[in-house]
Amino acid sequence: MAGLRARRRNQGTDYWPGFVDAMATLLLVIIFLLSIFMLAQFFLSQQISGRDAVLNRLNAQISELTELLALERASSSELEDTITGLRSSLDDATGERDRLLGLLESSSGEADAAGGRAARFETMLDEEKQVSQRALAQVELLNQQIAALRRQIAAANAALEAAEAKETESQAKIASLGRRLNAALVQRVQELSRYRSDFFGRLREILSQRSDIQVVGDRFVFQSEVLFDSGSEQINAEGREELDKLAEAINQLSLQIPDEINWVLRIDGHTDARPLSGTGRFQNNWELSAARAISVVRYLIGQGVDPSRLVAAGFGEFQPLEEGETPEAYAKNRRIELKLTER
């Protein structure tokens with residue numbers, strides 16, 4: 001009986017080995033949790049460092065895109081808005097990263113919650129990776145848009161260069177046509193001058209006996225007294241004889257001048273400076289000079305001259321050949337002038 005009690009007493013007091021085992025197990029668990037926490041912290045630091053590198057690359061690419069987009073003014077507004085959104089996303093990511101770092105630092109003393117926080121950190125990092133991937137996709141899209149804009153600018157420059165070359169060629173053609181036209185005009189003027197010389201030479205032969213008919217410059221001048229009575233626009237008998245000779249010379253000349261030369265014979269009426277009385281058919285010298293020129297034109301048409309080759313003009317007393325108020329000056333200024341010219 002005494003031996004049985006001694007064994008029971010010895011068995012009741014042997015708790016230390018179990019306690020040691022329990023403490024060792026608890027210590028191992030704590031060490032295991034701390035190891036997991038340290039590993040999670042290590043991997044989280046590595047991921048954060050990688051994310052910083054990605055963010056730095058994104059910032060560099062965005063800076064380059066900003067410089068390129070400044071050159072593309074046509075699409076600057078849309079691109080700047082996109083970059084602003086990217087920057088905002090990056091700022092949010094940076095703020096989230098700072099917040100995570102703060103949480104990570106504050107959680108160093110919370111070993112029990114390390115596993116759950118590490119899981120949340122991994123989730124947040126996954127979200128940040130997705131954000132970074134979306135940002136990279138947007139950057140790639142922007143690169144494609146910039147490439148398309150560059151191609152469009154190159155095509156526009158090529159079209160502009162082609163247009164400038166075509167314009168230069170057109171200008172050269174216009175200059176060549178202008179030179180040819182000027183040469184043709186000079187030739188026409190020379191031809192008309194030759195026929196004018198022939199015409200005036202023929203008139204000199206026909207009217208050489210008349211001292212009151214003369215050549216002044218490029219005009220053949222009849223004194224009014226040869227054709228008209230004083231104050232009248234009716235051609236007298238002597239004037240009709242002279243105009244018959246003139247009509248014959250014009251008809252002969254019209255057969256010689258080529259059809260492509262658009263010539264006309266201008267009949268100019270002039271008076272002296274003395275005003276009319278105003279009681280007759282004409283109120284002033286304008287009307288008298290114009291009526292006399294028209295009478296000559298009508299008579300020449302009646303003699304077979306082509307009406308399309310005749311022009312009548314009245315100058316009154318405002319184109320005198322000689323200044324002064326002497327009878328000689330008045331007589332010289334009363335005249336009918338013939339001028340062969342081009343229409």
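Provided above is the structure to which this section pertains.
For the structure given in this document, a descriptive report is provided here. (Residues numbered from 1 in each chain as written. Predicted model: local features only at pLDDT ≥ 70, side-chain atom pairs only at ≥ 80, totals over all residues. Heavy atoms only, no water.)

This brings us to the packing of helix 6 (residues 237-256) against helix 7 (residues 285-302). Packing of helix 6 against helix 7 leaves a shortest axis separation of 9 Å and a crossing angle of 60°. If you check the angle between helix 6 and helix 7, you find them oblique. With respect to the hand of their crossing, helix 6 and helix 7 are arranged in right-handed fashion. Between helix 6 and helix 7, the contacting residues are Arg-240, Leu-243, Asp-244, Leu-246, Ala-247 and Ile-250 on the first element and Val-296, Tyr-299 and Leu-300 on the second. Taken together, the residues that form the contact of helix 6 with helix 7 break down as seven nonpolar, no polar and two charged. (Axes fitted to C-alpha atoms, helices over the stretch in contact; angles between N-to-C directions. Helix = DSSP H or I, 4+ residues; strand = E, 2+ residues; numbered from the N terminus. Parallel < 35°, antiparallel > 145°, perpendicular 65-115°, else oblique. Left-handed = near helix turned anticlockwise from the far one by under 90°. Contact = heavy atoms within 4.5 Å. Nonpolar A, V, L, I, M, F, W, Y, C, P; charged D, E, K, R; others polar.)

So, about the layout of surface pockets. The method is simple in principle: a probe with the dimensions of a water molecule rolls over the atoms, and the space it marks as empty is what remains. Taken as a whole, the largest pocket spans an internal volume of roughly 340 Å³. In terms of lining residues, the largest pocket is bounded by 20 residues, among which Ser-230, Gly-231, Leu-276, Leu-288 and Arg-292 are the most central. Of all the secondary structure elements, the ones that give two or more residues to the lining of the largest pocket are helix 5 (224-227) and helix 7. At three residues, the largest contribution of residues to the lining of the largest pocket is made by helix 7. For the lining of the largest pocket, the class distribution of residues is five nonpolar, eight polar and seven charged. (1 Å grid on protein atoms, 1.4 Å probe; cavity = no way out; pocket = protein on both sides within 12 Å on 5 of 7 lines; lining within 4 Å. Points joined across faces, edges and corners; volume = space filled by probe spheres on them.)

What follows covers the environment of Ala-40. Within the secondary structure, Ala-40 is located in helix 2 (residues 16-71). For the pair formed by Ala-40 and Phe-121, sequence separation is 81 residues and the distance between their alpha carbons is 9.4 Å.

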